[in-house]
Amino acid sequence: MSLADFFTPVDLKKIVPKNGYYTSHLGSKIDCYSEKFPDLELPTDIALIGVLDGRNAVNNDGCALGPDYIREKLYLLHEGSYITKIADLGNIKQGETVTDTYFAVKTVVSDLIKKGIIPVIIGGGQDITYAQYLAYEELEQKVDLVVIDSHFDLDDDSDGESIETTSASYLNKIFLHEPNYLFNFSNLGYQTFFASQDSLRVMDKLYFDAHRLGELSGQIAVAEPVIRNAGMVSFDISAIRSSDAMANGNATPNGFYGEEACQLCRYAGFNDKLTSIGFYEFNPAYDNNGQTAILLAQMIWYFIDGVYNRKKDFPLTPKSQYLIYKTSLKHDDHELVFVKSKKSDRWWMQVPYPTGGSKNERFHLVPCRYEDYKTATGGEMPDLWWRTYQKLN
């Protein structure tokens, strides 16, 4: 089966402005499936994928209509100071069942990753994250998942046998999925009054990383190492405050500012490890003058900008491009090792595998901040080191 079989073409007549695009507009740069499906054998870095399925989006009926509204705004943005190689594959048709849609998304995402192309999923409910995750099972590849969301979507699934889930329960599906290809899960921007104490205990017990909105507000750089560890990202538009992104049936007054959302997306693009990203739950029925569609277009622009500014400093080779720092703890003869990239000034921490862990590697590299190094030089064990070691155990 060809990838083209999963897609319907974009009706450009609906989104191209009367006077067309300037030569610098992304609309004149992106190879869009309007008549002929893009040739993915040609050099392609990023592929846009619309998903026309919002059947399992809780309290947000209408988000299946989102992709073309986002496209319309994205195509009007100017290319940055790099040559983009982006294909727009069109929209994945709504399957006869939600399971059919998941199968299409999983197949398309895994196929693109195999080709070295980053899929950018736009539209649909956040339950599509589960299909995005299933692509890594297809690839037999462990993955670190980062979700940007004000809630933990851990509701019980009514039907454990079915592959289908909802935007309020897909995380449960991922955590319980066998075989397990999830190495780590991180949440950015949860709001405590939306999180039950039981769900917080689950996060703690599994040594997952959950970062409150208040922890990141006004200091968004704290999120950079978390995102740098991600293989895949899922962004729920309701994580942004309603004054900046009202186009969501579950929008609330608090959340990230628009510029913080753009910065998070740039961090994601900048991440050498990241192989897929999804932007979910945008509902044009609630939009005001297209403002949320414009913000989402700008977020995707920042992601693209990050991809084309990658430093390619992970994995850490050649060694001459890195500085090694060693510190000792106060009450222990244990030595902590930190690595700093000369190219990007970014930090990593070496966490040794427990005895009998990995045969090929002696330690696991986890992205960290300069503050973690300072904690270690003060003789204290950084919390990130301990949690990572427990996971490796």
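All figures in this text were calculated on a predicted structure; none of them were measured in a lab.

**Q** Just checking my understanding: could you explain the overall build of the protein for this structure?
**A** In terms of regular secondary structure, the protein is built from 12 helices and 14 strands. Taken over C-alpha atoms, the radius of gyration comes to 21 Å for the protein, in line with the 21 Å a tight globule of 393 residues would show. If one aligns the C-alpha atoms of the protein with their principal axes, the spans along those axes are about 70 × 50 × 45 Å. With 393 residues in all, the protein has 56% of them scored as buried. Contacts spanning at least 24 positions in sequence make up 74% of the contacts within the protein whose residues lie at least 6 apart. As presented, the protein carries roughly 17,600 Å² of accessible surface, and 48% of it is formed by carbon and sulfur atoms. Of the charged side chains in the protein, 38 are positive and 53 negative; the average position of the first set lies 8 Å away from that of the second.

**Q** Whenever I open this one, the packing of helix α3 (residues 98-114) against helix α4 (residues 128-138) confuses me. Can you help?
**A** Helices that pack against each other are described as a pair by the angle of their axes relative to one another and the distance between those axes. Close contact between α3 and α4 brings their axes to 8 Å; oriented N to C, the two are set at 50 degrees. The angle between α3 and α4 places the two elements in the oblique class. The way α3 lies across α4 gives a crossing that is right-handed. Contact residues: Thr101, Tyr102, Val105, Lys106, Val109, Ser110 and Ile113 in α3; Ile128, Tyr130, Ala131, Gln132, Leu134, Ala135, Tyr136 and Glu138 in α4. Considering only residue class, the contact of α3 with α4 consists of 10 nonpolar, 3 polar and 2 charged.

**Q** I'm lost on the nonpolar core in this one. Help?
**A** Generally speaking, nonpolar side chains in soluble globular proteins are found buried as a group. Among the nonpolar cores identified, the biggest contains 55 residues, and Phe235, Leu264, Phe279 and Met299 are the most heavily contacted of them. Here this core gets 9 residues from one element, more than from any other, and that element is helix α10 (residues 291-307). Those residues in contact with Leu264 that sit more than four places away from it in its chain are Ile148, Leu188, Ile220, Ala223, Ile227, Phe235 and Phe256. Ranked by size, the runner-up nonpolar core spans 50 residues in total, among them Ala87, Leu145, Tyr181 and Phe185.

**Q** Help me understand the sheet that holds strand β14 (residues 363-368) in this model?
**A** Whenever strands of a sheet pair, they do so through backbone hydrogen bonds, lying parallel or antiparallel. Read across the sheet, 4 strands follow the order β11-β12-β13-β14 without closing on themselves; strand pairing throughout is antiparallel. Taken across any chain shown, the strands that pair with only one partner, and hence form the sheet edges, are β11 (322-328) and β14. Pairwise comparison of adjacent strand axes, ignoring direction, gives a mean angle of 30 degrees for this sheet. Here β11 runs beside strand β12 (residues 335-341); their pairing, made up of 7 bridges, is antiparallel.

**Q** How should I be thinking about helix α12 (residues 383-392) in this particular structure?
**A** Because the α-helix completes a turn every 3.6 residues, residues three or four places apart line up on one side. Within α12, burial applies to Leu384, Trp385, Arg387, Thr388, Lys391 and Leu392. Looking at the packing, one finds that the buried side of α12 touches β7 (182-190), β8 (209-212), β12, β13 (347-352), β14 and α11 (370-377).

**Q** What should I look at first to understand the side chain of Ser344 in this one?
**A** Within the secondary structure, Ser344 is located in the loop between β12 and β13. Ignoring any residue separated from it by four or fewer positions in sequence, one finds Ser344 in contact with Lys311 and Asp313.

**Q** Explain the environment of Leu336 here, please?
**A** Here Leu336 is to be found in strand β12. For the pair Leu336 and Tyr322, spaced 14 residues apart in the sequence, the C-alpha separation amounts to 16 Å. Leu336 has contacts with Tyr325, Lys326, Thr327, Leu329, Ala376, Met381, Pro382 and Trp385, leaving out every residue within four places of it along the chain.

**Q** Before we go on, may I ask you to explain the pattern of salt bridges in this structure?
**A** Where charged atoms from two side chains of opposite charge come close, those side chains can pair. For the coordinates displayed, the defined rule picks out 18 salt bridges. Across the pair Asp88 and Arg71 runs a salt bridge whose closest N-O atoms are separated by 2.5 Å. Remark: Arg71 occurs in helix α2 (residues 66-74) and Asp88 occurs in strand β4 (residues 86-92); sequence separation between them is 17 residues. Residue Arg71 is classed as buried on the basis of its relative accessible area, which comes to 0%. Two residues, Arg387 and Asp209, come together in a salt bridge whose shortest N-O distance is 1.9 Å. Separated by 178 residues along the polypeptide, Arg387 in helix α12 and Asp209 in strand β8 bring together distant segments of the chain. Of the two residues examined, Arg387 and Asp209, each falls in the buried class. One connected set of salt bridges, linked through shared partners, spans Glu224, Arg228, Asp272, Asp313 and Arg346.

Definitions and limits used
Residues numbered from 1 in each chain as written. Predicted model: local features only at pLDDT ≥ 70, side-chain atom pairs only at ≥ 80, totals over all residues. Heavy atoms only, no water. Helix = DSSP H or I, 4+ residues; strand = E, 2+ residues; numbered from the N terminus. Rg over C-alpha atoms; globule rule 2.2 N^0.38 Å. Buried < 20%, exposed > 50% of the residue type's maximum accessible area, 1.4 Å probe, protein only. Contact = heavy atoms within 4.5 Å. Areas by Shrake-Rupley, 256 points an atom, 1.4 Å probe, with all protein chains shown as cover. Lys, Arg positive; Asp, Glu negative; His and termini not counted. Charge placed at Lys NZ, Arg CZ, Asp CG, Glu CD. Axes fitted to C-alpha atoms, helices over the stretch in contact; angles between N-to-C directions. Parallel < 35°, antiparallel > 145°, perpendicular 65-115°, else oblique. Left-handed = near helix turned anticlockwise from the far one by under 90°. Nonpolar A, V, L, I, M, F, W, Y, C, P; charged D, E, K, R; others polar. Core = buried A, V, L, I, M, F, W, Y, C linked by side-chain atoms within 4.5 Å. Pairing = 2+ DSSP bridges. Salt bridge = Lys/Arg side-chain N within 4 Å of Asp/Glu carboxyl O.

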